[in-house]
Each structure stands twice: as structure tokens, then as C-alpha cells.
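Spelled out from the first residue to the last, the chains are:
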Amino acid sequence: MSDLKSRLKDPSLLRTDSFINGGWEKGASRFDVNNPANRTKVADVADVGAAGAKQAVKAAAAANLEWRRTSPFERARIVKRWHDLIMEHQDDLGVILAMEMGKPLAEAKGEVAYGAGFVEWAAEEAKRVHGETIAVPFPGARGWTIRQPVGVVSCITPWNFPSAMITRKCSPALAVGCPIVIKPAAETPLSALALAELAARAGFPKGVFNVVTGEAKHIGPVLTQSDEVAMIGFTGSTQVGALLMEQAAKGIKRVALELGGNAPFIVMDDADVEKAADGLIQGKFRAGGQTCVSPNRVFVQEAIMADLTEALAERVKKVKIGDPFEEGVQVGPLIHDKAVERVSELVSAATAKGAKVVAGGKSLAKELGGSFYAPTLITGADISSSIAVNEIFGPVASLYPVKDEAEIIKLANATPYGLAAYLYTRDAGRVHRITEGVDFGMIGVNAPMVGSPATPFGGMKQSGIGREGGKWAAEEFTELKFVLLSGIDE
Ligand code: ADP
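Computed from a predicted structure; not experimentally measured.

### A few points about the overall build of the chain
Tallying secondary structure elements over the chain gives 16 helices and 22 strands in all. Here the C-alpha atoms of the chain give a radius of gyration of 23 Å, agreeing with the 23 Å that 2.2 N^0.38 yields for 490 residues. Along the three orthogonal principal directions, the C-alpha set of the chain runs to about 80 × 60 × 40 Å. Here the chain, with 490 residues, has 57% of them falling under the buried criterion. Considering only contacts within the chain whose residues lie at least 6 apart along the sequence, 72% involve residues at least 24 apart. Roughly 19,400 Å² of accessible area belongs to the chain as shown, and the carbon and sulfur atoms make up 53% of that amount.

### Regarding the pattern of salt bridges
A side chain of one charge can pair with a side chain of the opposite charge if their charged atoms are brought near each other. Here the structure, examined in full by the defined rule, presents 28 salt bridges. Taking the shortest distance from any N to any O, the salt bridge between Lys26 and Asp17 comes out at 3.0 Å. Relative accessible area serves as the criterion here: at 10%, Asp17 is assigned to the buried category. Residue Glu468 is joined to Lys169 by a salt bridge in which the shortest nitrogen-to-oxygen separation is 2.5 Å. Taken together, the residues Glu468 in the loop between β21 (464-465) and α16 (470-476) and Lys169 in helix α5 (residues 164-176) connect sequence positions 299 residues apart. Of the two residues examined, Glu468 and Lys169, each falls in the buried class. Salt bridges here are not isolated pairs; linked through shared partners, they connect Asp17, Lys26, Arg30, Asp32, Lys41 and Asp44.

### Some thoughts on the site of the ligand
In the vicinity of the ligand, 15 residues are found, and the nearest of them are Thr157, Trp159, Lys183, Phe234 and Ser237. Within the contact set of the ligand, an oxygen atom lies 2.6 Å away from a backbone nitrogen or oxygen of Thr157. Taking Ser237, its side chain carries an N or O atom lying 2.7 Å from an oxygen atom of the ligand. The fraction of the free accessible surface of the ligand (550 Å²) that becomes covered by protein chains is 76%. The set of elements that each furnish at least two residues to the shell around the ligand consists of α7 (216-225), β10 (229-235) and α8 (238-249). It is α8 that provides the largest number of residues to the shell around the ligand, a total of three residues. Taken together, the residues of the shell around the ligand break down into nine nonpolar, five polar and one charged.

### Focus on the sheet that holds strand β16 (residues 396-402)
With respect to topology, seven strands assemble into an open sheet ordered β14-β15-β16-β13-β12-β18-β19, the strand pairing being mixed. At either end of the open sheet lies a strand with only one pairing partner, and these are β14 (356-359) and β19 (442-445). Across the sheet, the axes of successive neighbouring strands diverge by a mean angle of 25 degrees, strand direction being ignored. Of the strand pairs in this sheet, strand β12 (residues 263-267) and strand β18 (residues 420-424) are connected by three bridges, and their pairing is parallel. Residue pairing across strands places Phe265 opposite Tyr422, the latter belonging to β18. Running at roughly 160 degrees to β18, helix α15 (residues 428-437) makes contact with β12, β13 (295-301), β18 and β19 of the sheet.

### Regarding the sheet that holds strand β5 (residues 133-134)
Pairing within the open sheet is antiparallel, and its three strands lie in the order β5-β6-β22. The open sheet has two edge strands with one neighbour each: β5 and β22 (478-485). Two elements, strand β6 (residues 142-149) and β22, share eight bridges in a ladder whose sense is antiparallel. Residue pairing across strands places Trp144 opposite Val483, the latter belonging to β22.

### Notes on the layout of surface pockets
Gaps left between atoms are located by rolling a probe of water-molecule size over the structure's atoms. For the largest pocket, the calculated volume is near 1,200 Å³. Lining the largest pocket are 41 residues; nearest its centre among them are Trp159, Phe234, Gly236, Ser237 and Val240. Of all the secondary-structure elements, those providing two or more residues to the lining of the largest pocket are α7, β10, α8 and α11 (337-352). The greatest single-element share of the lining of the largest pocket, amounting to six residues, is contributed by α8.

### Description of empty space enclosed by the protein
One pass over the structure, following the stated rule, counts four cavities of 30 Å³ or more. Of the pockets and cavities examined, the largest cavity occupies roughly 60 Å³. Forming the walls of the largest cavity are Phe118, Trp121, Ala122, Glu125, Arg168, Ser171, Pro172, Pro453, Gly469, Gly470, Ala473 and Ala474. When contributions to the lining of the largest cavity are tallied by element, the ones reaching two or more residues are α4 (105-125), α5 and α16. When its residues are assigned to classes, the lining of the largest cavity shows seven nonpolar, three polar and two charged.

### Things to note about the packing of aromatic side chains
All chains considered together, the criterion is met by 10 aromatic pairs. Seen from their ring centres, Trp82 and Phe204 are 6.0 Å apart, and the 85 degrees between their planes marks the pair as edge-to-face. Here the residue Trp82 occupies a position in helix α2 (residues 72-88), and Phe204 occupies one in the loop between α6 (189-202) and β9 (209-211), the gap between them amounting to 122 residues. Each member of the pair Trp82 and Phe204 is classed as buried. Plain terms: the ring middles of Trp159 and Phe393 are 5.8 Å apart, the flat faces sit at 90 degrees to each other, and that makes the pair edge-to-face. Residue Trp159 is found in the loop between β7 (152-156) and α5, and its partner Phe393 is found in the loop between α13 (386-389) and β16; the two are separated by 234 residues along the sequence. No difference in accessibility class separates Trp159 from Phe393, as the two residues are buried.

Reading the values: rules and limits
Residues numbered from 1 in each chain as written. Predicted model: local features only at pLDDT ≥ 70, side-chain atom pairs only at ≥ 80, totals over all residues. Heavy atoms only, no water. Helix = DSSP H or I, 4+ residues; strand = E, 2+ residues; numbered from the N terminus. Rg over C-alpha atoms; globule rule 2.2 N^0.38 Å. Buried < 20%, exposed > 50% of the residue type's maximum accessible area, 1.4 Å probe, protein only. Contact = heavy atoms within 4.5 Å. Areas by Shrake-Rupley, 256 points an atom, 1.4 Å probe, with all protein chains shown as cover. Salt bridge = Lys/Arg side-chain N within 4 Å of Asp/Glu carboxyl O. Near = heavy atom within 4 Å. Polar contact = N/O pair within 3.5 Å; in protein donor to acceptor, adjacent residues only side chain to side chain. Nonpolar A, V, L, I, M, F, W, Y, C, P; charged D, E, K, R; others polar. Pairing = 2+ DSSP bridges. Axes fitted to C-alpha atoms, helices over the stretch in contact; angles between N-to-C directions. 1 Å grid on protein atoms, 1.4 Å probe; cavity = no way out; pocket = protein on both sides within 12 Å on 5 of 7 lines; lining within 4 Å. Points joined across faces, edges and corners; volume = space filled by probe spheres on them. Phe/Tyr/Trp six-rings, centres within 6.5 Å; stacked < 30°, edge-to-face > 60°.

Next up, the structure:
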């Protein structure tokens, strides 16, 4: 058993029971959380099942009216306290995250701070939920709008950002007055439960903040179909997103879905090749490539293909892979052995059709004793091969030569996904033509990452519905009401 507790400055952050209605619930059974770097057990966690989910939804519904009526300034103070506590415990939260998910410790702490940024932003935005007055075409009448919280929100989150996906989704909901029920991924419930412990310390009233852990297939339907739930916020695969949307459709519930991606990373022949190579390394190997915004198809204009391949080969060979707690490690293990198998299959299928492995290209599970796959660079994969069509979700960069802008836009859009895209060029005309031509919700130009608390995060097509972040998040979690007042003239 990995000794997580002894690594924590504040061991009481290690919570293993669900957090429902202000108390810790043991559940009828338990499930194991494992360290993917060495396959040892980290903890066993409560499975509260459908009954626990019902209890949490009931508690949230009971807290709804009081929380919605709490002054926005008071809500802002509580949310801000949560932020401050998260930052105060950043190191411990980073340790918990790195242990259950496997990203390098420094990156894990970075995720905690990134996620906390959304909490701080949401606290500030709580005070800025405005309506408007509207001139209406009726004599003796006035019209105005008010924005009010939607009600109880179910938040279902993935394992690749165990902390930030919760804070990004939940803090705006909480700030505008919605009680929440979180269901974290079964691989990474400990970060969620540590956040719940800090939420309890921050002073959210009973029932406003709940975390239910356990099997998705039992908990999911309660969170999507209970009458008391107004909205479902989900980050995860397109397949599960579609299922949840279908379940939510029965009650015409609101959904905000942040789903899979197949990000193009476009390098034009006028780009700074060294900077593009640095950017790709940064974007591609974050979380071991297990992010929905990870560069998935690297399109390179033919004139610079050889130079970029060389620049990348040099860098990929130097990427340090190993235990997340080892100094200097840039890539940790994948989430589990199945993920290693999946990535291995994608690479083998590509090489079987003629792709060339320039660096890496193999599982390191045996050598390193965990779910490791080598940082990899391949060229010459067929654009119709599984590695181009699917989200790789692993540390593999695959380069595709392209001729001109028309071909680039066509290929970039030849996917059902539309989350993130990246473009490296120094030509202002190309920036406008390509960013307007590609169908993606977020585009980084000469930038390998796009997320920040201030900006909209979300996708088009099968990458989702709605936007998290910035002023847009508050809109997602509020209803717009119109009031018409008539007969005010004597
Ligand atoms: P990934 O492929 O990254 O694991 P998933 O979409 O499978 O992504 O998981 C994202 C979240 O959705 C996790 O919290 C997972 O437990 C949850 N989930 C998976 N299947 C279901 C389901 N049938 N109902 C509700 N939640 C689900």
C-alpha cells in the first residue's frame, strides 16, 4: 500500500468516505484507488451507490432555497475562503493528485493552482450577476430581466484533471447560488474528497456541497434523472456525454458537456520551428498526453517537415519519464494498464500501415513497473489510420505533411470533434483565415495551451455544449427570467 498519509502535512485531507449533507458517509461497499506508477493500493473509498446519490440530491434540494437567497456577497466570501484554503494546502493536494492520477508532482501542484484560479474568479463573479431593463412596446409597462441560479447541479468529472475539472465546473455554480452534487471518476476520488474537506472548512452550509463516490452506472442515472436536479455538468468522453444527455432529455434538463477532442496542431512554413517544437512538447506531454485538448494530429507544411521532425526528435528523446515523485520527471504513467495497451495498439496499427517510429514507440510497463508508455514521435501515419481518427490519450505525437491552407483547413475539420486547435505562424493573414476556417471552440496561435479562468472553455460539434470559464460560466448556471410589469401609468 502506498503510504499517502505520511506524505501529507495535513493528513486530515485524506478522506475516503463520501461527503453528503455535511457529513462523511461510509457506504455499503468500498473500492480500491491505485497508484498507476507502481500499481499499489493507495486507499479504499466508499461506494455509496444509488442510495447515497439519492441522499445527496435530496440534501442539495433541501439546501437550494437558502443558498439561492444567501447574499451574493456572502456566497462570494465562502467561495473565496475555499480558494484560499486550496492554495494554503496546494502541496498536499498536489501529492494526493499525483499519487492517484500519476502526473508529475510539480504538474499536479500546478493543476491545483490552475483549478483554484477558477474558484477565485467565480468568487469575484458572484457579485456581478446582472439583469437589464428593457423598453417594451406597451403603454404603462416596464420590462426587465433577472438572472437566477438554475438549482441543483450534478457535476460528473474525469480522472485526467482530478482537481481542476471539479473547481472549473463547480465554483461558478456555487458562486451564483446552485447547490452541487459531484461524482468524481472512480480512479481519482481522493482529490475530490480533499476538496470537500476544504469546502466544509470554508463554511458552505450543509447540503450545498456534496461528493458521492462509487460506481458510475448506479450513481449516474440518479444524478441525471432525479426531479430535483436542474442541470448536469459533465466532462469526459463523447460516448458517456451522449448517454448522459439522453438520460437528461427525459426531464428536459440543462446540460453543459465538455467532451472529447482531436486537436490539430498546425505548423505553417513561416513559423518559428524551434518555438513550434517547444510548444508541441509542452502541449503534447502535459498529463502524459491524456487531455482532451492535447495536440492529436500535427499538420506540418512540407517545406519545414524535415526541420521540425529533427527539432522534435531531439526534444522527445530527452523527455524524462518516471515516477511522478521523482525530481525532474516530465511524464508519469498512464492512468492504467488498459490505457497502455490502447496506445500500443494505435501505434502498432499506424506502423503496420507504413508509419515510422522516430522516438519511443513502446510500452515501458515492464522496465518501470507501472502503466508507462515511452514519449513517442512518429511520422508517415496514414491520415485515415486509427491514430489520426481517435483521441490518442497518450504521449505520442504523430506528424502529417500538408501542402497549403485549403488542405490544412479541410483536414483539420475532417473530424466529428471541435474542441481545441493550435496554429503556429507569423503571418497575420494566415492567423485570421485559418482561425476563422477551422471549427474548434478554442484556438491557440503560437500558444500550446488555451485555458485560463478568464476565458471561455468548451467545444463545438461532438466536443460538447456550453462554455466554462470567464463571464460565460455564470450564464451557464443561471436562468434568464423576463418580467413585464403593466398598468403603472395613472
Ligand atoms: P474517460 O474515458 O476519460 O474515463 P468517461 O467519460 O468514461 O471518461 O468518464 C468521465 C466521468 O463519467 C467519470 O466520472 C466516470 O465515472 C463517469 N461515467 C462513466 N460512465 C458513466 C455512466 N454510465 N453514467 C454516469 N457517469 C459515468
